[in-house]
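Per-entry structural report
Listed below, chain by chain, are the residues.
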Amino acid sequence: MHDAPPLVEKEPLSAGLKQRHLTMLGLGGVIGAGLFVGSGAGIAVAGPGIVLSYLIAGALAMLIMRMLGEMSAAMPASGAFSVHAERALGRWAGFSVGWLYWFLLVVVLAVEATGAAQIAHGWLPAVPQWGWVLLFMVVFTVANLAAVKNFGEFEFWFATLKVTAIVLFLALSLLAVFGVLPDTEPVGLTNLTGHGGLLPHGWSGVISGVLAVVFAFGGLEVVTIAAAESDDPARAVGRAVRSAVWRILFFYVGSMLVIVTVLPWSSMEPGKSPYVMVLDRVGVPGAGQIMNVVVFVALLSALNANLYGSSRMVFSLAERGEAPRGLLKVSGGGVPRRAVLASVAFGFVSVLLNLEWPDSVFLYLLNAVGAVLLFVWGLIAVSQLRLRPRIEREAPERLVLRMWAFPYLTWVALAAMGAVIVLMLTDDTARPQLLWSAGATAAVLVVAGLRELRARRVRG
């Protein structure tokens, strides 16, 4: 029988993150290239209904973050949801979700490094793409090795730029809608009611839009990992979660609403950022290059956050005996340097695979982690169902942030994730990703099960 570890354990890592770091990390963590560029694919399948798609997907992400915020405020730990899963369900759950999330981060890290290098290579073609990748990886490795406050400062200014860009975009778009800008006329609701109406592809289009955008909300989880390295983890994560979920929903849904109001949804071009198209429409000079800078910063921000999150996750696994103990080495400044180097080493391997075999080996890796986020979110919900009664019984004063309408909304979130899985199975483009991710998850679960059996034999 698994003995539940104590609710709160002392962390050996430094407390170098401030409240402003966590707040901006929560805001900037999910504002990435997926929003600035990838949102066009969602608009193409849902039309103006993409606003509803983002509302549905955003509501699910908000529920997950509220659950995770509740547990992280009560039980701050560098492994966050991996530690929560172990406390709620046993070692197999903590092992599985921890390693799968680590694998997800280091593979996605390669996409971000390569994407940023492609943009930089366009600006300075004399430097080869691999040279830019090397530069980015070295810079962020050094930043993460030095002190956690360096990571916090990088993310603070990255997120500030992204948030500022979206606020300016919303302001310009609203002025264009009302015809206030020079050489513009009021748009009104023409683009919302014309071209097939609000739901040109019906509710099936909205559902397809949900599949296209739901994974864009991945990344919020890192703020609860980072909270363990702040002066007051419970207060810090509570404030960060409260501010982040509503503002992110506003940025995402607000952006989509003004985009489909300013432009006909049918004018979306594959691979072209709808943000660039709107800025071109309102007459902003150099709109494409401006957005290139924003996307470039978004990619570097995500690379930095994923390197940080992956290093803390594998460090937490090592603390619990689920990863090599050699990764527990902590610098005098409280930085798990070996964990950082282990994560960046696999990140380099992923980058090389992406540069050499983007359509074969790396594609399989990317598919294998594509839907892992659903498994992580699912275990967060199940863990919260199990841990909430225990916290209320053992340390009710630690419930400084509570899940809304517990347990009903937790079950709603689980049902919604089940619906997403069913929809992915019925979608020809999403099905391979789900099956590959299911295979990777099953493989990790088998390893976790074998480890559990061996541990029981040793105890017996």
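In what follows, the accompanying structure is described. Residues take numbers from 1 onward in each chain, read along the sequence in its written order. Per-residue local features of the predicted model are confined to residues with pLDDT of at least 70, and side-chain atom pairs are confined, for both listing and counting, to 80 or more; whole-chain, interface and lining totals are unaffected and use all residues. Values reported for side chains reflect all heavy atoms of the structure, with hydrogen atoms and water molecules removed beforehand.

Describing the overall build of the protein
Helix and strand assignments come from DSSP, with helices taken as H or I runs of at least 4 residues and strands as E runs of at least 2, each series counted from the N terminus. Scanning the protein for helices and strands turns up 19 helices and zero strands. Only C-alpha atoms enter the radius of gyration, while the globule expectation follows 2.2 Å times N to the 0.38, with N the number of residues. Taken over C-alpha atoms, the radius of gyration comes to 22 Å for the protein, in line with the 23 Å a tight globule of 460 residues would show. Seen through its principal axes, the protein has C-alpha atoms that stretch 75 × 55 × 40 Å. Burial analysis of the protein (460 residues in total) assigns 56% to the buried set. At a minimum sequence separation of 6, the contacts of the protein that also span at least 24 residues come to 80%. Here the Shrake-Rupley method, with its probe set to 1.4 Å, supplies the accessible areas, and only the displayed protein chains count as covering residues. Carbon and sulfur atoms provide 68% of the accessible area of the protein, an area that totals close to 18,500 Å². Charge-centre separation for the protein: the mean point of 32 positive side chains lies 9 Å from the mean point of 26 negative side chains. Relative accessibility under 20% of the residue-type maximum defines a buried residue, over 50% an exposed one, and the middle range a partly exposed one, all with a 1.4 Å probe and only protein chains included. Contact between two residues is taken to exist if any of their heavy atoms lie within 4.5 Å; hydrogens are not considered. Working convention for charge: Lys and Arg count positive, Asp and Glu count negative, and His plus the chain ends are omitted. A charge is said to be at NZ when it belongs to Lys, at CZ for Arg, at CG for Asp and at CD for Glu.

Observations concerning the nonpolar core
Take the buried Ala, Val, Leu, Ile, Met, Phe, Trp, Tyr and Cys residues and link them wherever side-chain atoms come within 4.5 Å; each set so joined is a nonpolar core. Counting residues in hydrophobic clusters, the biggest one holds 152 residues, and the most contacted among them are Phe81 and Trp377. Setting aside chain neighbours within four positions, we find Phe81 in contact with Leu68, Val97, Tyr101, Glu221, Ile225, Met313, Val376 and Ile380.

A look at the side chain of Ser255
The topology assignment puts Ser255 in helix H12 (residues 233-262). In terms of polar contacts, Ser255 uses its side chain to reach the side chain of Tyr275, at 3.1 Å. Pairs of N or O atoms within 3.5 Å make up the polar contacts considered here, provided that, within protein, one atom can donate a hydrogen while the other can accept it, and that residues adjacent in sequence are counted only when both atoms are side-chain atoms.

Section: the environment of Arg66
Mapped onto the elements, Arg66 comes out in helix H4 (residues 50-74). With 21 residues separating them along the chain, Arg66 and Val45 place their C-alpha atoms 29 Å apart. Ignoring sequence-local partners within four residues, the contact set of Arg66 consists of Val241, Arg242, Leu401, Arg402, Met403 and Trp404.

Observations regarding a nonpolar patch on the surface
A surface patch of nonpolar side chains, amounting to about 370 Å² of accessible area, comprises Leu52, Leu55, Ile56 and Trp203. If you tally residues by element for the nonpolar patch, the top one is H4, at three residues. In this structure, Trp203 sits in helix H10 (residues 202-213). Within the patch definition used here, like charges are joined within 9 Å and nonpolar side chains (Val, Leu, Ile, Met, Phe, Trp, Tyr) within 5 Å, considering only residues with over 30% relative accessible area and no salt bridge. Put simply, a salt bridge is a Lys or Arg side-chain nitrogen that is within 4 Å of an Asp or Glu carboxyl oxygen.

Thoughts on the packing of helix H7 (residues 129-146) against helix H8 (residues 148-177)
What counts as an axis is a line fitted to C-alpha atoms, over the stretch in contact for a helix, and the angles between N-to-C directions run from 0 to 180 degrees. Here H7 crosses H8 at 125 degrees, and the two axes come no closer than 7 Å. Taken together, H7 and H8 sit at an angle that is classed as oblique. Across the interface between the two elements, Phe140, Ala143, Asn144 and Ala146 of H7 pack against Asn150, Phe151, Phe154 and Phe158 of H8. The class makeup of the residues in the contact of H7 with H8 is six nonpolar, two polar and no charged. Note that the term roughly parallel is reserved for angles under 35 degrees, roughly antiparallel for angles over 145, roughly perpendicular for angles of 65 to 115, and oblique for everything else. Under the scheme applied, nonpolar residues are Ala, Val, Leu, Ile, Met, Phe, Trp, Tyr, Cys and Pro; charged residues are Asp, Glu, Lys and Arg; polar residues are all the others, including Gly.

Some details on unusual backbone geometry
Note that the residue after Phe406, namely Pro407, is joined by a cis bond; omega there is 0 degrees. Its place among the elements puts Pro407 in the loop between helix H17 (372-394) and helix H18 (408-426). Even without being a glycine, Ala80 presents a positive backbone phi close to 45 degrees. Looking at the secondary structure, you find Ala80 in the loop between H4 and helix H5 (81-89). Despite not being glycine, Ala405 shows a phi value in the positive range, around 45 degrees. Mapped onto the secondary structure, Ala405 falls in the loop between H17 and H18. Taking relative accessible area as the criterion, Ala405 reaches 46% and is therefore assigned partly exposed.

Some remarks on the pattern of salt bridges
Summed over all chains, the structure comprises 10 salt bridges. One salt bridge connects Glu70 with Arg388, and the closest N-O pair in it is separated by 2.8 Å. Taken together, the residues Glu70 in helix H4 and Arg388 in helix H17 connect sequence positions 318 residues apart. Across the pair, exposure class does not vary: Glu70 and Arg388 are buried alike.

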